[in-house]
Every structure is written in structure tokens, then in C-alpha cells.
Amino acid sequence: MTARTDFLRQATAKFVLVFRTTTFKLTLLFLAVFAVFAVFLLGYFAWNTNRLITEQISETVDAEMNALTEQHRLGGIRRLLLVVEARARRPGSNLYLVTTYSGDWLAGNVDLLTQGVLNDAGWTETKYRRLDDTEGLAHSAFVRVDQLPGGFRLLVGRDLDERERLLDIVFSALWWLIGLLIALGLAGGLLVTRRVLRRVDAMTATTQTIMKGDLGGRLAIAGTGDELDRLAGNLNAMLARIEVLMGGLKEVSDNIAHDLTTPLTRLRNRSEAALRNAKGEDDYRAALEATIEESDSLIKTFNALLMIARAESGQGREEMAEIDAAEIARGVGELYEPVADEKGLVLKVEAPQPAPVQGNRELISQALANLVDNAIKYSNACAPARPAEPILVAAHHEGDRVLLSVADRGPGIPANDRGRVVERFVRLEQSRSEPGSGLGLSLAAAVAHLHGGELRLEDNAPGLRAILALPRMPPARR
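Every value quoted in this text rests on a predicted model; they were computed, and no experiment measured them.

Conventions used here
Residues numbered from 1 in each chain as written. Predicted model: local features only at pLDDT ≥ 70, side-chain atom pairs only at ≥ 80, totals over all residues. Heavy atoms only, no water. Helix = DSSP H or I, 4+ residues; strand = E, 2+ residues; numbered from the N terminus. Buried < 20%, exposed > 50% of the residue type's maximum accessible area, 1.4 Å probe, protein only. Contact = heavy atoms within 4.5 Å. Expected span 1.5 Å × (residues − 1). Polar contact = N/O pair within 3.5 Å; in protein donor to acceptor, adjacent residues only side chain to side chain. Pairing = 2+ DSSP bridges. Axes fitted to C-alpha atoms, helices over the stretch in contact; angles between N-to-C directions. Core = buried A, V, L, I, M, F, W, Y, C linked by side-chain atoms within 4.5 Å. Salt bridge = Lys/Arg side-chain N within 4 Å of Asp/Glu carboxyl O. pLDDT = per-residue confidence, 0-100. Phe/Tyr/Trp six-rings, centres within 6.5 Å; stacked < 30°, edge-to-face > 60°. Lys NZ or Arg CZ within 6 Å of the ring centre and 35° of its normal.

Scanning the chain for helices and strands turns up nine helices and 13 strands. Looking at the chain as a whole, 38% of its 478 residues qualify as buried. Within the chain, counting contacts between residues at least 6 apart in sequence, those at least 24 apart form 62% of the total.

Here the focus is helix α7 (residues 325-342). End to end, α7 covers 26 Å across 18 residues, agreeing with the expected 26 Å (1.5 Å per residue, within 8%). Put simply, D324 is the residue that caps the front of α7, since its side-chain oxygen is 3.1 Å from the backbone nitrogen of A326.

The mixed open sheet is built from five strands, whose spatial order is β8-β10-β11-β13-β12. Each edge of the sheet is formed by a strand with only one pairing partner; in this case those strands are β8 (347-350) and β12 (454-459). On average, adjacent strands in this sheet sit at an angle of 20° to one another, irrespective of strand direction. The sheet contact formed by β12 and strand β13 (residues 464-471) spans six bridges and is antiparallel. Note that in β13 the partner of L457 across the bridge is A466. Where α7 meets the sheet, its contacts fall on β8, β10 (391-398) and β11 (401-407), and the angle it forms with β8 comes to roughly 170°. In the packing of helix α9 (residues 440-450) onto the sheet, the strands contacted are β12 and β13, and the crossing angle to β12 comes to about 130°.

This next bit is on unusual backbone geometry. At the junction of A461 and P462, the peptide bond is cis and its omega measures out at -5° in the coordinates. Mapped onto the fold, P462 is located in the loop between β12 and β13. In this model, A461 sits at a positive phi of 45°, which is unusual for a non-glycine residue. With a relative accessible area of 58%, A461 lands in the exposed category.

Note on sheets: strands pair through backbone hydrogen bonds, and any given pair is parallel or antiparallel. Taken in spatial order, the six strands of this open sheet run β2-β1-β6-β5-β4-β3, and their pairing is antiparallel. At either end of the open sheet lies a strand with only one pairing partner, and these are β2 (105-108) and β3 (110-113). Taking the axes of each pair of neighbouring strands and ignoring which way they run, one obtains an average angle of 40° across the sheet. Bridge count for strand β5 (residues 139-147) against strand β6 (residues 153-159) is seven bridges, and the pairing is antiparallel.

Attention now goes to the environment of V61. Among the secondary structure elements, V61 is positioned in helix α2 (residues 22-88). Residue classification places V61 among the buried residues on the basis of a relative accessible area of 0%. Put simply, V61 and V143 are 82 residues apart on the chain and 7.6 Å apart in space, counted from C-alpha to C-alpha. Apart from residues no more than four positions distant in its own chain, V61 is found in contact with W123, F142, R144, V156, G157 and R158.

Take the nonpolar core next. In this structure, I364, L368, L371, V372, L404, V406 and L457 are the most contacted members of the largest nonpolar core, which totals 43 residues. At the level of secondary structure, the elements contributing two or more residues to this core comprise α7, α8 (361-382), β10, β11, α9, β12 and β13. With nine residues, α8 is the largest single contributor of residues to this core. Apart from residues lying up to four places away in sequence, L368 is in contact with I328, A329, V332, V393, L404, V406 and L468.

Within the secondary structure, I169 is located in helix α3 (residues 161-211). The exposure class assigned to I169 is exposed, which follows from its relative accessible area of 56%. Expressed as a C-alpha distance, the spacing of I169 and A46, which sit 123 residues apart in the sequence, is 9.6 Å.

This part covers the pattern of salt bridges. The full count for this structure, using the stated rule, is eleven salt bridges. With a closest N to O distance of 3.1 Å, R51 and E55 form a salt bridge. On the criterion of helical spacing, the pair formed by R51 and E55 is a turn pair, its members being four residues apart in helix α2. Classification of R51 as partly exposed rests on a relative accessible area of 36%. The exposure class assigned to E55 is partly exposed, which follows from its relative accessible area of 37%. Taken together, the salt bridges that share partners define one network made up of D62, R144 and D146.

Its location among the elements puts T291 in helix α6 (residues 281-312). T291 sits in the buried class, given a relative accessible area of 18%. Among residues more than four places away in sequence, those in contact with T291 are L267 and S271.

All right, on to the confidence of the model for the chain then. Scored by pLDDT, the chain comes out at a mean of 78, with 81% of its residues at no less than 70. Across the chain, β11 holds the top mean pLDDT of 91, while helix α1 (residues 2-20) sits lowest at 59.

Time to look at the packing of aromatic side chains. The relation between two aromatic rings is expressed through the spacing of the ring centres and the mutual angle of the planes. Scanning the model with the defined rule gives three aromatic pairs in all. Centroid distance W123 to F142: 5.0 Å. Interplanar angle 20°. Geometry classified as stacked. In this pair, W123 sits in strand β4 (residues 122-130) while F142 sits in strand β5, placing the two residues 19 residues apart along the sequence. An aromatic cluster is defined as three or more aromatic residues linked by ring pairs; in this entry it consists of F40, Y44 and W47. Seen from the ring of W47, R51 lies directly overhead, with NZ or CZ sitting 5.5 Å from the centre.

Take a look at the structure:
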């Protein structure tokens with residue numbers, strides 16, 4: 001009994017779940033709409049059929065009434081009675097009745113009528129009984145009553161059995177149609193709902209696995225291209241992005257733990273050495289200055305991390321406006337030209353035409369400044385070998401993109417390392433002798449992604465050409 005009770009409970013729960021689904025509710029809604037449409041259609045057909053039959057009966061009875069009235073005019077009541085008797089005996093004949101003013105039967109095939117029908121001339125629908133019937137008023141007829149000279153009453157009508165049979169057929173078809181619609185609709189709704197529920201249950205199971213910490217899980221795609229497939233595809237893309245961000249977060253945490261431990265330890269050691277070995281005010285001042293310098297370096301690192309996090313989370317989008325990338329290139333070039341001169345380098349800017357983009361001026365300027373700073377830093381290492389080679393900062397168009405590029409003649413980056421150097425705190429072996437935190441290219445890549453663009457690292461043969469490719473603002477939006 002317990003197993004049977006559990007089975008019934010599970011089955012009931014499944015049916016309740018099916019009935020609560022949006023798919024099943026939509027099925028019931030469409031079913032109700034189709035049922036109302038079917039009722040309206042068959043009702044309209046029945047109404048038109050009834051109207052058509054009534055018009056045909058009216059025309060037939062009018063013709064009969066006019067003919068009999070003409071017979072009475074030509075031969076009087078006796079001739080009318082003979083004609084009525086002759087017509088009443090025909091198989092499938094219309095209804096005929098001739099009475100006196102007081103209602104006494106004279107001729108015809110009608111024995112009994114609803115009381116009061118003969119009192120007023122005109123059209124009416126009434127119950128009647130034929131002469132050869134034994135039942136009461138079991139039939140319906142549509143009749144016309146006329147008063148003849150001498151007070152006689154003439155009734156001509158047509159039985160409505162054909163109309164009633166036709167209406168019975170229509171209403172029977174209506175009930176069968178509604179029953180069939182309900183049966184097929186419920187069956188189809190259950191099948192579709194169960195199919196959708198299976199896919200939703202599979203998605204739910206996958207999401208539960210993901211919530212437990214398995215960010216590598218993905219929703220199954222049936223390949224039908226329906227709305228559930230599109231939803232699963234978008235969710236999978238979102239999960240992939242979340243997995244990348246979580247991986248980046250873990251990597252940042254690890255990198256912070258490793259890369260910031262050294263400067264913090266150095267900072268503590270210098271302070272401890274100053275306390276232990278300082279001989280006077282000059283020694284303390286030198287120790288404090290070194291501590292401040294190291295602290296500024298740490299602050300710059302944390303500021304860069306915050307800016308990267310801000311760019312990757314999309315927080316800079318609310319400050320986007322129409323800006324000229326060429327103006328930014330000229331401004332950054334003007335800012336870094338004295339730095340390049342101080343290191344014996346030539347910094348050249350090529351931005352002859354406006355380069356409109358929709359973006360955040362602060363972030364794009366900082367990203368381009370990082371690229372120029374890297375170019376100066378690593379070109380300086382090669383300056384004695386190639387002193388005449390300039391660092392070129394350029395802004396120009398390429399199709400629907402605006403390219404902000406910085407080209408140098410430094411050591412460059414090997415092709416197999418270009419995908420890795422945009423990660424946080426990654427520094428190649430040849431760059432470890434130079435000051436820096438390994439966040440400049442990471443920030444530039446994050447800013448490019450925020451603006452719907454990309455950071456390209458290309459060979460400048462020799463050297464490196466770093467390109468910020470940003471979407472160009474179309475003239476219509478400008």
C-alpha cells in the first residue's frame with residue numbers, strides 16, 4: 001500500500017506541475033479560442049440555414065396562397081374547397097385548412113392547431129396535428145392565414161421537420177467538434193508540456209550542478225533552434241563569461257598574493273632596517289622617502305587593478321560620450337613627448353583626421369598612455385642600438401573601426417606570448433629588469449572590450465605594434 005500511495009502521490013504531483021506550466025495554460029487558452037470560433041462558425045451557419053429555409057418556405061406558401069385565393073375569386077368557396085382537398089391528398093403536400101368564421105373545419109389536411117392561430121391574418125409559427133395523426137400537437141409548422149370574403153379562413157403552411165432535422169445535425173456536429181477539440185487540445189497540450197518539462201528539468205538539473213560550484217557545466221542544446229535552444233545558448237555564453245571572470249578573479253587573487261608580497265616585504269624590511277641601523281635624521285629621511293616611493297608604487301598597482309575591474313564590469317559605460325580619438329592621441333603624445341626626449345627617444349604623432357568614437361575619455365586615454373609608456377620603457381632598452389627610430393602614435397580609420405596604435409622598435413613580444421601578456425601581473429623574462437606591475441596591457445585589453453573593440457599586438461619588424469581597435473561612430477549618430 002505504501003508503494004502504491006507513493007506512486008499516486010508522485011503522479012499527482014507531476015500532473016499538478018503540468019497544469020501549472022505556461023505551455024499548458026497557453027494550450028487551454030488557444031483551445032478556448034478555437035472552441036469559441038467553432039461555436040461562432042457553426043452558429044452562424046445554423047442561423048443562415050434557418051433564415052434560408054424560412055425564406056424558401058415563405059416563397060412557397062405565398063405562391064400557394066396566391067393560387068388558392070385566385071381559385072376562390074374565380075369559382076367561389078366550392079371551387080376552393082375542391083382544389084384544397086385535391087392538394088391536401090398529395091404525398092408530401094403542404095398544410096392546408098379552410099374554416100368558417102367560427103372555426104368549423106371545411107377542408108384540408110390539418111386537424112388541430114394551437115389556439116388562436118386563425119384569429120389573426122399573417123405569418124406565424126405554430127404547433128399542429130394532421131388528420132391522420134393520433135398524437136397531440138407534435139409537429140411544428142410555419143403558416144400564413146388569410147381572411148376570405150364571406151368570413152372564411154384560409155391557412156397554408158409548411159412543416160418545419162426539415163429545418164429541425166438540419167439544426168439537429170448542426171448542433172450534433174457542434175458538440176462533436178467541441179469534444180474533439182477538447183480531446184485533441186488536451187492531448188497535444190500534455191505532450192508538448194511534457195516535452196518542454198523534460199528540457200526544463202534537464203536545465204534545472206544542470207543549473208543545480210553549476211550552483212554547487214561546477215562552473216564548467218553547460219545547458220544541453222537539442223539543435224532544433226527553438227526558443228529553448230536560443231535561451232540555452234545565451235545562458236551558456238553567460239556561463240562561459242562568468243567562468244572566465246571567476247577564473248580571472250582567482251588568478252588575480254593568486255597574483256596579488258604572490259606579486260604584492262615582495263614589495264610589502266621589502267617595505268617592511270626597509271622600515272625595520274631604518275629603525276635598527278639609522279644613525280641620524282638623514283638616514284631616517286632616506287628610509288621614509290624609500291618607503292613613500294614603494295607605497296606610491298603599490299597605490300598605482302591597486303589603482304590599476306580597480307580600473308581594470310571597473311572596465312570589465314562595464315561601469316564606465318554610463319560616462320560614454322562622443323569623443324575624438326585623434327585628439328586623445330595628440331594629447332597623450334604631447335604628455336609623453338618630454339618623457340621620450342628625456343630618454344633620448346623621438347615620439348611622433350600621426351592623427352591628421354578626426355576619429356569619432358563613442359567612449360569614455362578617461363579610460364581610453366589611460367589605455368593609450370599605458371601603451372605609450374610601455375613603448376618608451378622598452379624602446380629605451382634598445383635606444384643605443386637604434387637611436388634614430390621614432391615611437392609612432394597614430395589614429396586612423398579602417399572600415400568601421402578607429403585604430404589607435406603605438407609602434408616601437410623595442411624587443412617586441414613573441415607571437416606565442418601575445419595572448420598571455422594581457423593577463424594580470426604577467427611579465428616576460430626580458431621585461432623583469434624594467435619597473436612595472438604587469439597590468440598595463442591588461443587595462444588596455446579591458447578598456448577595448450568595454451567599448452566593443454579589441455587590443456591587437458602585432459609584429460613591427462622589429463618591435464611591437466599595439467593597436468586599440470574601437471568601433472567607429474557612424475555619421476547618422478553623430
